[in-house]
Amino acid sequence: MGESPRRMTEVEYDAAEVAYAESRALVAGEADADERAVEAALRPRTLAEVIGQERVREQLSLVLEAARRRQSPPDHVLLAGPPGLGKTTLAMIIAAEMSSPLRLTSGPAITHAGDLAAILSGMNENDVLFVDEIHRMSRPAEEMLYMAMEDFRVDVVIGKGPGATAIPLEIPPFTLVGATTRAGLLPSPLRDRFGFTAHLEFYEPAELDLIVRRSAGLLGVELTSEGAAEIASRSRGTPRIANRLLRRVRDFAQVRADGTVTEDVAHRALDLYEVDQSGLDRLDRAVLDALCRRFGGGPVGVSTLAVAVGEERETVEEVAEPFLVRMGMLARTPRGRVATPAAWTHLGLTAPAGAMFSAGDEGVRGDQPDLFADD
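Being a predicted model, the structure only gives us computed values, none of them experimental.

Here's the deal with the overall build of the chain
Stage number 1. When helices and strands are counted, the chain shows 15 helices and 13 strands.
Stage number 2. Burial analysis of the chain (375 residues in total) assigns 42% to the buried set.
Stage number 3. Sequence-distant contacts in the chain: of pairs separated by 6 or more residues, those separated by 24 or more amount to 68%.
Stage number 4. For the chain, the exposed surface amounts to about 19500 Å²; the carbon and sulfur share of it is 51%.

Some words on the packing of aromatic side chains
Stage number 1. Inspection of every chain in the model, using the stated rule, returns one aromatic pair.
Stage number 2. Ring centres of Phe152 and Phe174 lie 5.7 Å apart, and the angle between their planes is 80 degrees; this geometry places the pair in the edge-to-face category. On the criterion of sequence distance, the pair formed by Phe152 in the loop between α6 (139-151) and β4 (153-158) and Phe174 in the loop between β5 (165-170) and β6 (175-180) is long-range, its members being 22 residues apart.
Stage number 3. Phe152 sits in the partly exposed class, given a relative accessible area of 23%.
Stage number 4. Overall, the relative accessible area of 1% leaves Phe174 in the buried class.
Stage number 5. Its end group placed over the ring of Phe323, Arg236 keeps NZ or CZ at 4.0 Å from the ring centre.
Stage number 6. Above the ring of Phe202, the side-chain terminus of Arg326 is found at 3.6 Å from the ring centroid.

A short note on the environment of Asn124
Stage number 1. Tracing the backbone shows Asn124 in the loop between α5 (113-121) and β3 (128-132).
Stage number 2. Look past the residues within four positions of Asn124 in its chain and what remains in contact with it is Arg103, Pro172 and Pro173.

Section: the side chain of Ser100
Stage number 1. Examined against the element boundaries, Ser100 turns out to sit in the loop between α4 (87-97) and β2 (102-106).
Stage number 2. At 3.2 Å, the side chain of Ser100 forms a polar contact with the backbone oxygen of Met98.
Stage number 3. A distance of 2.9 Å separates a polar atom in the side chain of Ser100 from the backbone oxygen of Asn126.
Stage number 4. Setting aside its immediate chain neighbours within four residues, Ser100 contacts Ala95, Asn126 and Val128.

Notes on the sheet that holds strand β7 (residues 196-199)
Stage number 1. Across the sheet, which stays open at both edges, the five strands sit in the order β2-β3-β6-β1-β7 with parallel pairing between neighbours. Two strands lie at the open edges of the sheet, namely β2 and β7, each paired on one side alone. Strand after strand, the sheet turns through a mean of 15 degrees between neighbouring axes, direction not considered.
Stage number 2. As paired elements, β3 and β6 share four bridges and run parallel to each other. What sits directly across from Leu129, in β6, is Leu176.

Concerning the pairing of β6
Stage number 1. Along β6, six of the six residues are buried, which leaves the element largely enclosed by surrounding structure.
Stage number 2. With four bridges joining them, strand β1 (residues 77-80) and β6 adopt parallel strand pairing. Paired with Leu78 across the strands is Gly178, a residue of β6.

Thoughts on α4
Stage number 1. Burial runs high along α4: eight of the 11 residues are buried.
Stage number 2. Among all positions in α4, only Lys87, Thr88, Thr89, Leu90, Ala91, Ile93, Ile94 and Ala95 are buried.
Stage number 3. Here the buried face of α4 lies against α3 (54-70), β1, β2, β3 and β6.
Stage number 4. Immediately beyond the C-terminal end of α4, within one or two residues, lies Ser99, with a positive phi of roughly 55 degrees.

A few points about the confidence of the model for the chain
Stage number 1. In the predicted model, the chain carries a mean pLDDT of 80, and the fraction of residues at 70 or more is 81%.
Stage number 2. Ignoring residues within four places in sequence, the model shows residues 11-26, a span with pLDDT below 50, making 22 contacts including any to other chains.
Stage number 3. The model gives residues 356-375 a pLDDT under 50, and that stretch makes 23 contacts with residues more than four places away or in other chains.

Considering the pairing of strand β11 (residues 336-339)
Stage number 1. Sheet topology note: the strand β10 (residues 330-333)/β11 ladder contains four bridges and is antiparallel. Its bridge partner lying in β11, Leu330 is registered against Ala339.

What to know about the packing of α3 against α4
Stage number 1. It is at 11 Å that the axes of α3 and α4 come closest, and there the two elements cross at 30 degrees. Here α3 is positioned roughly parallel relative to α4, judged by the angle of their axes. Regarding α3 and α4, the two cross each other, and that crossing is right-handed. Here α3 contributes Val56, Leu60, Leu64 and Arg68 to the contact with α4, which in turn contributes Leu90, Ile94 and Glu97.

Looking at the pattern of salt bridges
Stage number 1. Scanning the model with the defined rule gives 19 salt bridges in all.
Stage number 2. Taking the shortest distance from any N to any O, the salt bridge between Arg68 and Glu97 comes out at 3.7 Å. Of this pair, Arg68 sits in helix α3 while Glu97 sits in helix α4, and the two are 29 residues apart along the sequence.
Stage number 3. A residue is classified by how much of its surface remains accessible, and Arg68, at 33% relative accessible area, is partly exposed.
Stage number 4. Accessibility expressed as a relative area gives 23% for Glu97, which makes it partly exposed.
Stage number 5. Among the ionic pairs, Glu321 bridges to Arg332, the shortest N-O distance being 3.3 Å. Here Arg332 lies in strand β10 and Glu321 lies in helix α14 (residues 313-326), a separation of 11 residues in the sequence.
Stage number 6. Three or more residues joined by partner-sharing salt bridges are found here, namely Glu65, Arg68, Arg69 and Glu97.

The rules we used
Residues numbered from 1 in each chain as written. Predicted model: local features only at pLDDT ≥ 70, side-chain atom pairs only at ≥ 80, totals over all residues. Heavy atoms only, no water. Helix = DSSP H or I, 4+ residues; strand = E, 2+ residues; numbered from the N terminus. Buried < 20%, exposed > 50% of the residue type's maximum accessible area, 1.4 Å probe, protein only. Contact = heavy atoms within 4.5 Å. Areas by Shrake-Rupley, 256 points an atom, 1.4 Å probe, with all protein chains shown as cover. Phe/Tyr/Trp six-rings, centres within 6.5 Å; stacked < 30°, edge-to-face > 60°. Lys NZ or Arg CZ within 6 Å of the ring centre and 35° of its normal. Polar contact = N/O pair within 3.5 Å; in protein donor to acceptor, adjacent residues only side chain to side chain. Pairing = 2+ DSSP bridges. Axes fitted to C-alpha atoms, helices over the stretch in contact; angles between N-to-C directions. pLDDT = per-residue confidence, 0-100. Parallel < 35°, antiparallel > 145°, perpendicular 65-115°, else oblique. Left-handed = near helix turned anticlockwise from the far one by under 90°. Salt bridge = Lys/Arg side-chain N within 4 Å of Asp/Glu carboxyl O.

See below:
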């Protein structure tokens, strides 16, 4: 009989958990407090410095230039898109381009209408108010915001019950910039009050290459063109992740190389941090591996898939799935999650005949013949 597998010690288990957390944080779209401080130094200051998002930049420049010529605040702006694409940066640029003060808050911080009234009452004329994750604002605050955006006034209710009195409070004209990662959760009355809505798209590798080069110059990192391309290709189309990978590769180059980020150094560093050449990290590969090896390519429910990889359902659904779907490696169907032939190829496996599926209204039919296959 073979030997039973050795159980991990507590120290080894803790070390494995730390390593896993670090690999997840490396490709997460959100930024922690320390990272925001680093990002602030790398942010573009004007629209001219922004790389990528050409259509949004052109549209926004017209909105701002027209407002400057009218000498009035620009229309309210809604910035929608996945985390890490530059929504906060654009809000700061809007304020800078209009030479206006910027006030920052977030939807989760506004839990009552009184919180919003306190913020709005302190606004000055032409100020820019940035509300991050605006879709998470409380409903009473949303309803107060309708009147503030349209008529530049709010009604502050004093007292309770039959004796309550509404006192109108005039607000100087201002510009609201809302940012959301889930525009579909915004109620229509709020969404319709924004004069300009910008949908930010994922960046192309060539654009990320330029961003990595610019950030390397600001950070004083010696970087070759091949090293920049290697980092850009693994950045999941997101500038925040590109800058994060650049800093980790810089650390590797300083400790285990001569300080210059070459293609080989970047390749070794990112392999060490378990970010593969397609930008997939350990969780992404675990999801694909479980889907292909354990469940034969699916379909399988997301809850079952989450249990198989030892993660919460929300983590799999909100962190891993969007990128895997965008890469064409996973399909979300009414019957469950299904691995595409690209997923089998990425894992170095041979896709079974049933993996060549056709997705229709009734989900995925693994037994359905491929209509475009040779006879």
